[in-house]
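Okay, here's what each chain looks like letter by letter:
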Amino acid sequence: MKLYEHEALGAIFKKYKIPVPRYIFATEMNEAVSQFVEKEPGVVVKSMVLVGKRGKAGAVKVVSDKAKVAEVVKDLATRDVYGEKSIGALVEEKLDIEKEFYLSVTYSTKDRAPAIIFSEHGGMDVEEIDPKLIHTHVIADVRSVYPYQIRQFLTNIGFSDKDLLRPLSEVIVNVYNAFVGAECRLLEINPLVVARSGDKRKIVAADAVVILDDDASVNPAIAYGARSAQGRPMTQREQDAILIDQGDHRGKAGSYVELEGDIAMMTFGGGGSTVTAETAIEAGLRIANLTDIGGNPPAEKMYRISRIILSKPGLKGVLVCGGTASNTRIDVTLGEGLAKALDDMNAEGKLDKNLVWVVRRSGPEYVKGLKMLHECFERNGIRGEIYDSQLPITEAPIRLKELLIKHTGYKPEQVV
Amino acid sequence: MKGTVYLNDKTGVVVIGATGREASQVIKESEALYPGIVKAGITPGKGGSTELPVPVFDTLAEAVKDPKVGKLLNTALIYVPPVSVLDAVMECLDNGIKVLYIITEHVPIRDSEIIFQEKERRGAIIVGGTSLGCFVPSVGRIGAIGGKDPSVAFKDGGIVVISKSGGLTVTTAEMFKRRGWGTYMALAIGGDIISNTTYSDVLKQIKGDPKVKAVVMLGEPGGAYEEQVADLITSGGFDKPVAAFISGRFQERMPEGVAFGHAGAIVERGMGKATDKISRLEAAGKKHPVKVAFYYHDLVKAIESLGVPRDFEDSTAEHVKPLYSTIQR
């Protein structure tokens, strides 16, 4: 889960002694911001959004004329940045920047170890830095990380500013300790600046990108509040879906990402859901959501996610698709949970009979479960086909496409 | 030795967290299907319990000293909650267990990293986290893989299935069984970011095994483990036919960082894209027997085109008919 910059500064950088500019966060222009600005010769104002490349979108502004601060704060605290609404503004002291470095810590799967990534040529997007100027230090032993190792790394890569060797190596170790201690997947500072302060120089983190491990020992969604990774507020259906798994660890049915399409996806298992969604897209179907149900959820959970998935307006078809489950009961999930959702929706007049369905599923009690679902289709007048594992899993979306074209005149996307 | 280093006729399993809901069900099911592979279970505070078909101990130290089962224990199956996995792994390594399966999902990455580095120092084999286990039809199984009736998916043959996804491991074995190829081994390596056993690790272990006719690998976006296979094959480190399917191309049309499927599947900073993995494997296929399937179900055609002989007859009808239909085709 990604943190907003002000969250990273307040919760993590401070604790691990990573030097940052003086700052204040505000959702609107207020007295505290005015007092802060009064003491600074100049400030930098940034929109608080999760999306990157804010500078290029005009969402980071240097303000030297104090009369203009209120206007800029008001604008940046509420504007849309690449379609994401800002939740407030970060107002920081304007640093007297001498040079800019790039620094990040992340896990390198190539080495299966944490890696410190450093460049003397920061300040621009990391993709734009010449790869030859980016250097990596792999942490081969997580039990012992010391500044001297960082100094060896820096001298090996020909770091040019010898006076900074000690302070920079100490800051980098603090950043590494923050990465490990706060259980991050990524901690990125771009730029890490060398700023003049009187006749002295100091190292300051002028940006903070923190992505926490969703599986961290303290769940970040609890610590910081759940948020969509898509850089947009969660839809009502997404919020409703999250509630399904809360306080009930039996199986998982609450993952739901809403998309713009017209084919409802009721898919099972991480790998199975991914290949099914992918094949649907490759076949030209416009999928309406992603979901990933698994771990043998009880009928009640399946009932709730089914109703959420089917409540999206404008649907044309439904794909219920999973592999051969080892654990998830097919009679419970499809025969009871899904079937009851369809019965209830029909009774409430909320079931769209024009939908075309394809079901493909196998696993424990599938013979019983698929029969129960077929009976449900019969009594509710639902049109579709039900397959077991004789049909390869990824042929199911293709069968659905064929039925949609024949019965509804569906026009698939032309996929390049 | 019959089987592989991951599961063979000498394998003796101790289950850590044995009396939990999932673990106890798996022990009972596995012992009914393949008696004698699971030898003991560990649950602190439940030592001496008779609720399982195997003896239960409070600590692994007691189990390895037990005169009946102690000497037979060489493989651990870990079913404890995510925050206890590191502890369980250390208990196993310190008590001399050399092959471990971590079934638990959502192990904190920080703990996974400590586990990986410790395993490297000790020279142990760890599969997972998020493994579903291992199936070797000629020997038996470890974990829940294949469920109550594994014969639906598994029949002895020459294909090795390696997959990050547990569910797809079984689904793939079944797809091939229907078309005439049996499984020599199916291993669910898990989709965690720090994977203790990667595709390449497995290929290096099985490369000299004459029973292996071909490998089917199922990859996902994120990380570099699929790319490592291309490198291994290109450098001559594995020369048997490999059919690969990499899922997740569609994620490239979505905003970066959209989490879907496994933890390791999040594409960050343009690294680990499915299309890059596919092109790396396809490049390896120019000089080596490697074929990448465009659709998942094309894996069968890929194995066919690589000239891998069938283990038994193709049992699939020309055109699969639905079990039930309420619509006109």
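Being a predicted model, the structure only gives us computed values, none of them experimental.

Moving on: the overall build of chain B. Helices and strands together make up the secondary structure of chain B, namely nine helices and 14 strands. At 20 Å, chain B has a C-alpha radius of gyration in line with the 20 Å of a compact globule built from 329 residues. With the C-alpha coordinates aligned to their principal axes, the bounding extent of chain B is approximately 55 × 45 × 45 Å. The buried share among the 329 residues of chain B stands at 61%. Across chain B, contacts joining residues at least 24 apart in sequence account for 74% of those joining residues at least 6 apart. Of the roughly 12500 Å² that chain B leaves accessible, carbon and sulfur atoms contribute 53%.

In terms of helices and strands, chain A carries 12 helices and 18 strands. With respect to the principal axes defined by its C-alpha atoms, chain A has extents near 85 × 50 × 45 Å. Counted over contacts in chain A with a minimum sequence separation of 6, partners at least 24 positions apart contribute 71%. Of the roughly 17100 Å² of accessible surface on chain A, a fraction of 51% belongs to carbon and sulfur atoms. Of the side chains in chain A, 55 bear a positive and 58 a negative charge, and the two mean positions are spaced by 0 Å.

A word on the sheet that holds strand β14 (residues 324-325) of chain B. Judged by pairing direction, the sheet is mixed, and its five strands sit side by side in the order β14(A)-β16(A)-β17(A)-β18(A)-β14(B) without closing on themselves. Strands at the two margins of the open sheet, each flanked by one partner only, are β14 (263-267) of chain A together with β14 of chain B. Contacts from helix α10 (residues 330-347) of chain A reach β14, β16 (317-324) and β17 (356-362) of chain A, with the element oriented near 160° to β17(A). Its contacts with the sheet place helix α12 (residues 396-408) of chain A against β14, β16, β17 and β18 (383-387) of chain A, and it is angled at close to 160° to β17(A).

A word on the packing of helix α7 (residues 236-245) of chain A against helix α9 (residues 299-310) of chain A. All names here are of chain A. Two elements in contact, α7 and α9, have axes whose closest approach is 10 Å; the angle formed by their N-to-C orientations is 175°. As summarised for this structure, α7 and α9 are arranged roughly antiparallel, according to the angle between their axes. Along its contact with α7, which presents R237, D240, A241, L243, I244 and D245, the element α9 presents K301, R304, I305 and I308. Taken together, the residues of the contact of α7 with α9 break down into five nonpolar, no polar and five charged.

Turning our eyes to something else, we now look at the packing of aromatic side chains. One pair of aromatic rings is described through two measures. These are the centre distance and the angle between the planes. Per the stated rule, a full pass over the model turns up 11 aromatic pairs over all chains. Between A:F101 and A:F159 the ring centres are 5.7 Å apart and the planes differ by 70°, which places this aromatic pair in the edge-to-face class. Of this pair, A:F101 sits in strand β7 (residues 97-108) while A:F159 sits in the loop between α4 (147-156) and α5 (165-181), placing them 58 residues apart in sequence. A single burial state applies to A:F101 and to A:F159, both of which are buried. Ring geometry for B:F245 against B:Y296: centres 5.8 Å apart, planes inclined by 75°, an arrangement best described as edge-to-face. One end of the pair, B:F245, is in strand β12 (residues 242-246); the other, B:Y296, is in the loop between β13 (290-292) and α9 (299-305), with 51 residues separating them in the sequence. Under the relative-accessibility criterion, B:Y296 is labelled buried at 0%. Through successive ring pairs, a cluster of aromatic residues spans A:F101, A:F118 and A:F159. Sitting over the ring of B:F312, B:K155 keeps its end group 4.1 Å from the ring centre. Over the ring of B:F294 we find B:R249, and its NZ or CZ is 4.2 Å from the ring centre.

Now for the interface of chain B and chain A. At the junction of the two partners, chain B supplies 74 residues and chain A supplies 75 residues. Carbon and sulfur atoms make up 56% of the surface buried where chain B meets chain A, a total of about 6400 Å² over both sides. Linking chain B with chain A are seven salt bridges, by the criterion used here. A salt bridge links B:R249 to A:E278, with the shortest nitrogen-to-oxygen separation between them at 3.4 Å. The interface formed by chain B and chain A contains 33 residue pairs in polar contact (both at pLDDT 80 or more). Put simply, the parts of the chain that give the side of chain B that touches chain A at least two residues each are α1 (21-33), α4 (109-122), α5 (166-178), α7 (225-234), β12 and β14 of chain B.

Let's shift gears to the domain arrangement of chain B. Residue and element names in this part refer to chain B. Domain parsing of chain B yields domain 1 (1-131) and domain 2 (153-314). Each of domain 1 and domain 2 has a C-alpha centre, and the two are 27 Å apart. Residue-level contacts link 19 residues of domain 1 with 19 residues of domain 2. In this assembly, domain 1 packs against domain 2 so that about 1500 Å² is buried in total across both faces, 54% of it on carbon and sulfur atoms.

To continue, consider the pattern of salt bridges. Taken as a whole and judged by the stated rule, the model has 57 salt bridges over all chains. The partner of A:K61 in a salt bridge is A:D75, with the nearest N and O atoms 3.7 Å apart. You can see A:K61 sitting in strand β3 (residues 60-63) and its partner A:D75 sitting in helix α3 (residues 69-76), a full 14 residues away along the chain. In this structure, A:R329 engages A:D331 in a salt bridge whose closest nitrogen and oxygen atoms are separated by 2.9 Å. Taken together, the salt bridges that share partners define one network made up of A:D141, A:R143, B:D94, B:E118, B:R121 and B:R122.

It is worth spelling out the domain arrangement of chain A at this point. Split by domain assignment, chain A resolves into domain 1 (1-20 + 96-228), domain 2 (22-94) and domain 3 (234-408). Distance from the C-alpha centre of domain 2 of chain A to the C-alpha centre of domain 3 of chain A: 45 Å.

In this section: the sheet that holds strand β8 (residues 140-142) of chain B. All names here are of chain B. Taken in spatial order, the seven strands make up an open sheet running β8-β7-β10-β9-β11-β12-β13, and their pairing is mixed. Edge positions in the sheet fall to β8 and β13, since each has one partner strand and no second. For this sheet the average axis-to-axis angle between neighbouring strands, irrespective of direction, equals 15°. Pairing geometry for β12 and β13, over three bridges, is parallel. Paired with V242 across the strands is V290, a residue of β13.

Before going further, it helps to examine the packing of α7(B) against helix α8 (residues 274-284) of chain B. All names here are of chain B. Running from amino to carboxyl end, α7 crosses α8 at an angle of 10°, the nearest separation of the two axes being 9 Å. Taken together, α7 and α8 sit at an angle that is classed as roughly parallel. Helix-helix and strand crossings are classified by hand; for α7 and α8 the assignment is left-handed. Two secondary-structure elements touch here, α7 through Y225, E226, E227, V229, A230, D231 and T234 and α8 through K277, R280, L281 and A284.

Cis geometry is adopted by the peptide bond preceding A:P191, which originates at A:N190 and carries an omega value of 10°. Locating A:P191 in the fold gives a position in strand β10 (residues 184-197). Residue B:G129 is bonded to the preceding B:G128 through a cis peptide linkage, with omega at 5°. Of note, B:G129 is situated in the loop between β6 (125-127) and β7 (133-136). Phi is positive for A:K17, which is not a glycine, with a value near 55°. Relative to the helices and strands, A:K17 resides in the loop between α1 (5-13) and β1 (23-26). The class of A:K17 is exposed, set by a relative accessible area of 64%. Phi angles above zero are rare outside glycine, and B:T130 is one such case at about 65°.

Residue and element names in this part refer to chain A. By secondary structure assignment, the location of K301 is in helix α9. Looking at K301, the relative accessible area reads 2%, which means it is buried. Excluding its chain neighbours within four sequence positions, the residues that come into contact with K301 are I244, D245, D248, H249, R250, G251 and A253.

Conventions we followed
- Residues numbered from 1 in each chain as written.
- Chains lettered and ligands numbered in written order.
- Predicted model: local features only at pLDDT ≥ 70, side-chain atom pairs only at ≥ 80, totals over all residues.
- Heavy atoms only, no water.
- Helix = DSSP H or I, 4+ residues; strand = E, 2+ residues; numbered from the N terminus.
- Rg over C-alpha atoms; globule rule 2.2 N^0.38 Å.
- Buried < 20%, exposed > 50% of the residue type's maximum accessible area, 1.4 Å probe, protein only.
- Contact = heavy atoms within 4.5 Å.
- Areas by Shrake-Rupley, 256 points an atom, 1.4 Å probe, with all protein chains shown as cover.
- Lys, Arg positive; Asp, Glu negative; His and termini not counted.
- Charge placed at Lys NZ, Arg CZ, Asp CG, Glu CD.
- Pairing = 2+ DSSP bridges.
- Axes fitted to C-alpha atoms, helices over the stretch in contact; angles between N-to-C directions.
- Parallel < 35°, antiparallel > 145°, perpendicular 65-115°, else oblique.
- Nonpolar A, V, L, I, M, F, W, Y, C, P; charged D, E, K, R; others polar.
- Phe/Tyr/Trp six-rings, centres within 6.5 Å; stacked < 30°, edge-to-face > 60°.
- Lys NZ or Arg CZ within 6 Å of the ring centre and 35° of its normal.
- Buried area = accessible area lost by both parts, 1.4 Å probe.
- Salt bridge = Lys/Arg side-chain N within 4 Å of Asp/Glu carboxyl O.
- Polar contact = N/O pair within 3.5 Å; in protein donor to acceptor, adjacent residues only side chain to side chain.
- Domains from an automatic or database assignment.
- Left-handed = near helix turned anticlockwise from the far one by under 90°.

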